[in-house]
Amino acid sequence: MQCIVNRRAQFSASHRYWLPELSEAENIKKFGACSRFPGHGHNYVLFVSLAGEVDKYGMVLNLSEVKQVIKREITSQLDFSYLNDVWVDFQQTLPTTENIAKVIFERLAPHLKVVRIQLFEHPQLWADYIGNSMEAYLTTSTHFSAAHRLAHPLLGEEENFEIYGKCARPHGHGHNYHLEVTVRGEIEPRTGMIIDLESLNQVIKDYVIEPFDHTFLNKDVPYFTSVVPTAENIALYISDLLRSPIQNLGATLYKVKLIESPNNSCEIYCCNSESNSITTEQNQPVLVRL
């Protein structure tokens, strides 16, 4: 039976978003603060996913050997480096999070059975690459605070309390919601981006954060006057709000994950068809109780 194991590694490096064929004004307009000389740095966290059969020793791969391969091929070269200059790949295509993940995958593939690279630029931004040519996934996370009451408008108080318990109390209760939005797209060969991150974050702010933050969802967000604002329904509604604006930016909304509390989260997969290893049931809410 095939098994996937994951190895974590990390490196610190700097990079700069700058295209020499553009003027200074054009670079600043396109990349903002990321264009500043001489660049800026991150503490990158890398997860390498490897597939294989479990052998007679109970292992897919000897993780000590995996560690040495990752160190030799990746971290020893990238740690404390200026990414734009360290590999020729990043001179042709900028070292964005998604492009770094792609290049790491390609450099490890001859040595290991890699099925996915996940690279965190920081805790609120990461990319996934699974070997699909120029296609990658980029996730950005944010948060909002809101109150809600779980009570179906067509049911009486007794029925609502029977279904929703204390969550049906009339004055509601609040959460610090954590939101993760994952988009899918083709890495642009020169900029290394699948989407303009600033524009993506602005869309999320305009369509979700501003309308939802510090509200009583049942009363302040018109959609929830007739729909129970469970984690599942909130995530579904967010996916409906974001789908078209993200498509207008040139990418596809892949997943919305809403974490209501440390014990309760919901994932909505928004694509109609997938054939990759990080897919679950499409267009269905997946409620995860931790």
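Fair warning: this is a prediction, and the values are worked out from it, not measured in the lab.

### Here we look at the pairing of strand β6 (residues 135–148)
Regular strands place side chains that alternate from one sheet face to the opposite one. Counting buried residues along β6, eleven of its 14 residues qualify, which places the element largely inside the surrounding structure. In the sheet, strand β5 (residues 125–129) pairs with β6 via four bridges, with the strands oriented antiparallel. Each residue of the ladder has a partner; that of L125, found in β6, is T140. Taken together, the 14 bridges between β6 and strand β7 (residues 173–186) define a ladder with antiparallel strand orientation. Each bridged residue has a counterpart across the sheet, and for E135 the counterpart in β7 is E186. Sheet topology note: the β6/strand β8 (residues 215–216) ladder contains two bridges and is parallel. Paired with A146 across the strands is T215, a residue of β8.

### Describing the nonpolar core
Residues L108 and F212 are the most contacted members of the largest nonpolar core, which totals 65 residues. Broken down by element, this core gets its largest block of residues, seven residues, from helix α9 (residues 231–248).

### Brief notes about the confidence of the model for the protein
Confidence in the prediction for the protein averages 93 pLDDT; 93% of positions are at 70 or higher. Below a pLDDT of 50 lies the segment residues 273–285, which in the model reaches 34 contacts outside its immediate sequence neighbourhood of four places, other chains included.

### Some points on the pattern of salt bridges
Counted by the stated rule, this structure contains nine salt bridges. The partner of E157 in a salt bridge is R149, with the nearest N and O atoms 2.9 Å apart. On the basis of relative accessible area, R149 is assigned to the buried category, the value being 14%. With a closest N to O distance of 3.5 Å, K255 and E267 form a salt bridge. Of this pair, K255 sits in strand β9 (residues 252–261) while E267 sits in strand β10 (residues 264–269); the two residues are twelve residues apart in sequence, bridging distant segments of the chain.

### Here we look at the side chain of H175
Tracing the sequence through the fold places H175 in strand β7. A polar side-chain atom of H175 sits 3.2 Å from a polar atom in the side chain of H148.

Definitions and cut-offs
Residues numbered from 1 in each chain as written. Predicted model: local features only at pLDDT ≥ 70, side-chain atom pairs only at ≥ 80, totals over all residues. Heavy atoms only, no water. Buried < 20%, exposed > 50% of the residue type's maximum accessible area, 1.4 Å probe, protein only. Helix = DSSP H or I, 4+ residues; strand = E, 2+ residues; numbered from the N terminus. Pairing = 2+ DSSP bridges. Core = buried A, V, L, I, M, F, W, Y, C linked by side-chain atoms within 4.5 Å. pLDDT = per-residue confidence, 0-100. Contact = heavy atoms within 4.5 Å. Salt bridge = Lys/Arg side-chain N within 4 Å of Asp/Glu carboxyl O. Polar contact = N/O pair within 3.5 Å; in protein donor to acceptor, adjacent residues only side chain to side chain.

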